[in-house]
There are 2 protein chains.
Amino acid sequence: MGCAPMGHVLYDEAMRYNPKNPLWFNRDRFVLSAGHGCMLQYALLHLAGFDSVKEEDLKEFRQWGSRTPGHPENFETPGVEVTTGPLGQGIANAVGLALAEKHLAARFNKPDNEIIDHYTYVILGDGCQMEGIANEACSLAGHWGLGKLIAFYDDNHISIDGNTEIAFTESVDSRFEGLGWHVIWVKNGNNGYDDIRAAIKEAKAVKDRPTLIKVTTTIGYGSPNKANSYSVHGSALGAKEVDATRKNLGWPHEPFQVPEDVKKHWSRHIPEGAALEAEWNAKFAEYEKKYKEEAAELKSIITGKLPAGWEKALPTYTPESPADATRNLSQQNLNALAKVLPGLLGGSADLASSNMTLLKMFGDFQKDTPAERNVRFGVREHGMGAICNGIALHSPGLIPYCATFFVFTDYMRGAIRLSALSEAGVIYVMTHDSIGLGEDGPTHQPVEHLASFRAMPNILMLRPADGNETAGAYKVAVLNRKRPSILALSRQKLPHLPGTSIEGVEKGGYAISDNSTGNKPDVILIGTGSELEIAAKAADDLRKEGKAVRVVSLVSWELFDEQSEAYKESVLPAAVSARVSIEAGSSFGWEKIVGSKGKAIGIDRFGASAPAGKLYKEFGITKEAVVAAAKELI
Amino acid sequence: MGCAPMGHVLYDEAMRYNPKNPLWFNRDRFVLSAGHGCMLQYALLHLAGFDSVKEEDLKEFRQWGSRTPGHPENFETPGVEVTTGPLGQGIANAVGLALAEKHLAARFNKPDNEIIDHYTYVILGDGCQMEGIANEACSLAGHWGLGKLIAFYDDNHISIDGNTEIAFTESVDSRFEGLGWHVIWVKNGNNGYDDIRAAIKEAKAVKDRPTLIKVTTTIGYGSPNKANSYSVHGSALGAKEVDATRKNLGWPHEPFQVPEDVKKHWSRHIPEGAALEAEWNAKFAEYEKKYKEEAAELKSIITGKLPAGWEKALPTYTPESPADATRNLSQQNLNALAKVLPGLLGGSADLASSNMTLLKMFGDFQKDTPAERNVRFGVREHGMGAICNGIALHSPGLIPYCATFFVFTDYMRGAIRLSALSEAGVIYVMTHDSIGLGEDGPTHQPVEHLASFRAMPNILMLRPADGNETAGAYKVAVLNRKRPSILALSRQKLPHLPGTSIEGVEKGGYAISDNSTGNKPDVILIGTGSELEIAAKAADDLRKEGKAVRVVSLVSWELFDEQSEAYKESVLPAAVSARVSIEAGSSFGWEKIVGSKGKAIGIDRFGASAPAGKLYKEFGITKEAVVAAAKELI
């Protein structure tokens, strides 16, 4: 209720959008980072004429199957750009949206045709301001000089636990000035409409820096007994107080009834929005005539339609190719794909030279070189993930990737989960994926991370074993535009194994070698990533002793789960209970694959600081252990 | 190498410690937040005479079994206070250490005997500064006025990817002033020893605010060819450059050889440290004579010895006790324990009234009321976790707890993992533990979180079902001082079930009801937390149809795993393959419990916004589903 004036000025005056086509490409983007106040956004979408929020949707607030869930969800409600609620995510998403605009404008605008030109607006509250992710993202926004990012800070001094005095007494203004933002203070946010208008005008005039408009408001403004109190933070006013508030504000209308004059006032947004889009479509038609090549690229970014034959760019390997770390093979893929995918851009959280993520044909995306595609995120994993969500949700054809050590997904899990939930097809390039990283020790060695992501819905956890599997992982990741992918990649060198293939990866699990007949191997050895090599070597030994051994690469459990029962039976026949898995990670979850009678070789403790070879030996992740386990089971 | 002067002044002049007793209670604490520079700390510990780092340990840097791992680890190397490496954690731990000092000093110091009085020093780098967790923790340090926290910011302008200009151009000074810190700039950190000394003096004089001493240094100072370059960030210089550096610095001594005059200079720390501790021990003896009661409490905090009979304070319940949410039962436990555990303190990330974590007998820990025990963390989950790690590692008897919604463990997983690795017995009070929270929707509903923590080493994941189990969970959590515990607690009301017990929880899994004989039930129903009730109701139905049914509560998989094979067989007999589990979370991992032939009822997709009852029904987490599955298996 305190944010209503900001919302009103934004949706009724400042923002350019087309209610009948929420996906019109050049629309201004709006993010409600303080997602718990989503009823305001639903009301504004309704007033503005979006079909996604009809009167009946408002009445179904927070109910099963409704388009008005408890927090804004882009996948439920057209007109909502990103999914917010977890605090701090929205402002970081907004930085990603503004980055995307700045990047695309720099790449595609021409002196005679500025085809990309929109603002990104965001409302955030005290809760968002306290979250570290917000500081990370806002530091980058200042660094990048995202002048078209305009953030309203709803300074209402109230969070769930009471007055912000109890935990939040910093000077937000000083901090944001330190972060390189332009800061404006609107002292009367409850009804200072003209001040809000003036602030937006000032913010637009500052082109080299993002702007924070601090708007001092009263939470629950208008409620005579509950305004300025934490009791209205995430809770309804209650029938009695709603009545009192109506009286106090002089609002005689029925619930959900929009008075005719208000309806009439807002009704202009439908024709105005249609006109805005028509004008832009004409502009795009001109652009297409004059700048054929650029228009084709831009169209691919706008529609998400991948260029024909892009997958031919994926590198292929043979067992004779030089052994290499999958992080290096990943870089070969990224660089090959950058040539054919106009929407591919990304970078690392200060580990580009370890994660191997630099695109060699491009420079750095920076304040003065925004057309470039290597993004330098600094040591800000959580902000990085959320910024990539913003980029992915800006345009169907933008394919952001981001990178750090696999263990540091722990720092960005909030953002990764939102990639999965909000259907943002971010590619997570996660290197140093096991104890195989060696000397950096247990703080840097992931153990439980593969299992933790296999348990997460709507995300692909991929652990390729060599060159062809890395290419396969990229093929899958690029094709899955509504599902993020995590690629777990090795620091250490790995051989290219006979039998691996892109097609195999697409199925999630497949046999890379087999000397059995009739789908009845004596034993099935199952590995992923760097341990597939160990499984293959163990199979060689066992075969020498006359055993019929199948080696299965289980590169993605999710993709394998999605195969037909017949296919799964052809890879892991139910009748064969002699199964040994090997993976340098927690054995948690592997019972599903190896069954009650099988054996899962893994590491169910933290790692240690020592050379990788020593660690594998000490922790028993060895060919000998596989052979011994197999012999016990046969 | 650029930090050497700071390190030298700290360990040789500023800090008070006893090398022969690294655990002397009133020692100054030091945290190397930039943990990758740990060789500096090892060298200083060696020079100062700590037995943990002998010459041979220095030579075994980053080797298997050594006490000089690749990053500082408190559990490997006495003298190291906390485990660092993951950036930003150390500075947040330091805030926790300084909080602990301020709290204990306020509680225990007397006008004639200031028994608690030490500083907390920390060195952090650009990487730490970029991390959101650091901003969260430093905002709180400013808010709390932690005057005895002195942080050195190694301003070397280099991170792994190159010059910080590429991603870090904010004004750190302005930001920290905004956060309420005193900021000092030492311009010549490479050899400005007097400036460093003066800065420490100034910092100590500022008693109402923490101090950031920005020390401008050159990374790899002294190396003629690699100084001021990212190539020395996490990598060794190489033999050739080491030689050149020795020449450049005029250092003729052999590797690892400490010249006699240096040895002599540093040798005074052993007698001086012994004297410091002896003096303090005498002071404590006086304190004990005069302030018997306080001394007993303080002793418990210093030693970690829990007061005799503390567990009698745990509340007990009967099936007739009123149904309640386990988050409320948790609050009853916390308040009961606060009366008997002098070291219990903690709070929530702005959700105290939802997480039910307020200790009613105490006020808020604030700048001017630091003796109180309710800590208000604001919306800063990651900082909260790391601050609690610092509190836990300050004193064996401090028992910090912290709280948020279970789903937001995603925001603090980096800190939680370090609790587990560094043996910090933090209690994580995580409420709203499933889709049962209802209307807030999928952004707030954990699904994969139970599985993700069951896969993590050295942490107890506990999901109690009612009052007695919640008390049992607290008993386990309090007793496990070297292993953190996560309590997953319900928002919704739950009945007190017949058969639940504290003793059962201590075993991790146990039968709460059983009408079978000879350890041969027809079917075993297994539940956790809020779904144990559903399992119990399904059992009632099945028993009415004449079936022999055992209901098992699997409140902690880790504890159950630790029981004897005989006990496990008595609960889950191998011969009984008819097993049905029910848990409102991912079914990932449950194959281990229900076996290949059993059935795991769970939710393997994201939740939705709707009333809880509706969600349970729509997602099939129902008694009817359990009964149907059981009948199929019997």
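- Per an unreviewed UniProt entry, the recorded name for chain A is transketolase, and the organism is Flemingia macrophylla.
- UniProt annotates chain A under Function (unreviewed entry) with the comment "Catalyzes the reversible transfer of a two-carbon ketol group from fructose-6-phosphate or sedoheptulose-7-phosphate to glyceraldehyde-3-phosphate to yield xylulose-5-phosphate and erythrose-4-phosphate or ribose-5-phosphate, respectively. Could act as a stress sensor involved in adaptation process."
- The heading Subunit (unreviewed entry) in the UniProt record of chain A holds the text "Homodimer."

Side note on the interface of chain B and chain A
- Between chain B and chain A, the residue contacts involve 97 residues of the former and 97 residues of the latter.
- When the area that chain B buries against chain A is broken down by residue, the three leading residues are W64, R417 and F588 of chain B, summing to 11%.
- The tally of links between chain B and chain A comes to six salt bridges.
- Taking the shortest distance from any N to any O, the salt bridge between E448 of chain B and R417 of chain A comes out at 2.8 Å.
- The tally of links between chain B and chain A comes to 35 residue pairs in polar contact (both at pLDDT 80 or more).
- For the side of chain B that touches chain A, the residue count by class is 37 nonpolar, 34 polar and 26 charged.

Thoughts on the packing of helix α13 (residues 326–340) of chain A against helix α18 (residues 467–479) of chain A
Residue and element names in this part refer to chain A.
- α18 packs onto α13 with a crossing angle of 50° between their chain directions and a minimal axis gap of 9 Å. Judged by the inter-axis angle, α13 sits oblique to α18. Note that α13 runs across α18; the crossing there is right-handed. Taking contact as the criterion, the partners of T326, L329, S330, N333, L334 and L337 in α13 are, on α18, G467, T470, A471, Y474 and V478.
- In the contact of α13 with α18, the residues fall into six nonpolar, five polar and no charged.

Topic: helix α20 (residues 532–544) of chain A
- Over its 13 residues, α20 of chain A extends 19 Å from the first C-alpha to the last, a length consistent with the 18 Å expected when each residue adds 1.5 Å.
- All of the buried residues along α20 of chain A are L532, E533, I534, A535, A536, A538, A539 and L542 of chain A.

Observations regarding the side chain of T83 of chain B
Residues and elements named next belong to chain B.
- Structurally, T83 is set in the loop between α3 (55–59) and α4 (89–108).
- What makes T83 buried here is its relative accessible area of 2%.
- One polar contact links T83 to N74, side chain to side chain, over a distance of 2.4 Å.

Here's the deal with unusual backbone geometry
Residue and element names in this part refer to chain B.
- The phi dihedral of R62 falls on the positive side, at around 65°, and the residue is not glycine.
- Within the secondary structure, R62 is located in the loop between α3 and α4.
- Located in the positive-phi region is H432, a residue other than glycine, with phi close to 60°.
- Along the chain, H432 turns up in the loop between β13 (427–431) and α17 (449–454).
- Look at H432 and you get buried, because its relative accessible area is 5%.

Observations concerning the nonpolar core
- Judged by nonpolar contacts, the single largest core of 96 residues is most densely connected at L525, I526 and I621 of chain A together with L525, I526 and I621 of chain B.
- In this structure, I526 of chain A is in contact with V552, L554, L572, R579, V580, S581, I582, W590, I593 and V594 of chain A, ignoring residues within four places of it in sequence.

Brief notes about the UniProt feature "binding site: thiamine diphosphate" (unreviewed entry) in chain A
All names here are of chain A.
- When the UniProt feature table is mapped onto this chain, "binding site: thiamine diphosphate" (unreviewed entry) is found at H36, G85, P86, L87, G127, N156, H233 and F408.
- Within the fold, H36 resides in the loop between β1 (29–32) and α2 (38–48).
- We classify H36 as partly exposed; its relative accessible area is 31%.
- The class for N156 is buried, based on a relative accessible area of 7%.

Some remarks on the relation of the copies chain B and chain A
- Overlaying chain B on chain A yields an RMSD of 0.0 Å, the required transformation being a rotation through 180° with an accompanying axial translation of 0.0 Å. Viewed as a symmetry operation, the transformation between the two copies matches a two-fold axis.
- Comparing interface residues between copies, 100% of those in chain B also sit at the interface in chain A, which points to an isologous, same-surface contact.

What to know about the sheet that holds strand β20 (residues 579–582) of chain B
Residues and elements named next belong to chain B.
- As summarised here, the arrangement of the five strands in space is β17-β19-β18-β20-β21, forming an open sheet in which the pairing is mixed. For this open sheet the edge positions go to β17 (510–514) and β21 (599–601), each flanked by a neighbour on one side alone. On average, each strand axis in the sheet is tilted by 20° relative to the strand beside it, whichever way the strands run.
- Packing of helix α20 (residues 532–544) onto the sheet brings it into contact with β17, β18 (523–527), β19 (549–553) and β20, and relative to β19 it is tilted by some 175°.

Examining helix α13 (residues 326–338) of chain B
- With 13 residues, α13 of chain B should cover 18 Å at 1.5 Å per step; its first-to-last C-alpha distance of 18 Å lies within 8% of that length.
- The buried fraction of α13 of chain B amounts to eleven of the 13 residues, a majority that puts the element mostly inside the structure.

A closer look at the pairing of strand β9 (residues 344–348) of chain A
Residues and elements named next belong to chain A.
- Along β9, five of the five residues are buried, which leaves the element largely enclosed by surrounding structure.
- Of the two faces of β9, the one holding L344, G346 and S348 and the one holding L345 and G347 are both buried throughout.
- Examined bridge by bridge, β9 and strand β12 (residues 399–405) share five bridges and lie parallel to one another. From the neighbouring strand, L344 faces β12, where its bridge partner is I399.

What counts, and at which threshold
Residues numbered from 1 in each chain as written. Chains lettered and ligands numbered in written order. Predicted model: local features only at pLDDT ≥ 70, side-chain atom pairs only at ≥ 80, totals over all residues. Heavy atoms only, no water. UniProt positions renumbered as here; feature names shortened; annotations may be inferred. Contact = heavy atoms within 4.5 Å. Buried area = accessible area lost by both parts, 1.4 Å probe. Salt bridge = Lys/Arg side-chain N within 4 Å of Asp/Glu carboxyl O. Polar contact = N/O pair within 3.5 Å; in protein donor to acceptor, adjacent residues only side chain to side chain. Nonpolar A, V, L, I, M, F, W, Y, C, P; charged D, E, K, R; others polar. Axes fitted to C-alpha atoms, helices over the stretch in contact; angles between N-to-C directions. Helix = DSSP H or I, 4+ residues; strand = E, 2+ residues; numbered from the N terminus. Parallel < 35°, antiparallel > 145°, perpendicular 65-115°, else oblique. Left-handed = near helix turned anticlockwise from the far one by under 90°. Expected span 1.5 Å × (residues − 1). Buried < 20%, exposed > 50% of the residue type's maximum accessible area, 1.4 Å probe, protein only. Core = buried A, V, L, I, M, F, W, Y, C linked by side-chain atoms within 4.5 Å. Least-squares fit on C-alpha atoms with pLDDT ≥ 70 in both. Pairing = 2+ DSSP bridges.

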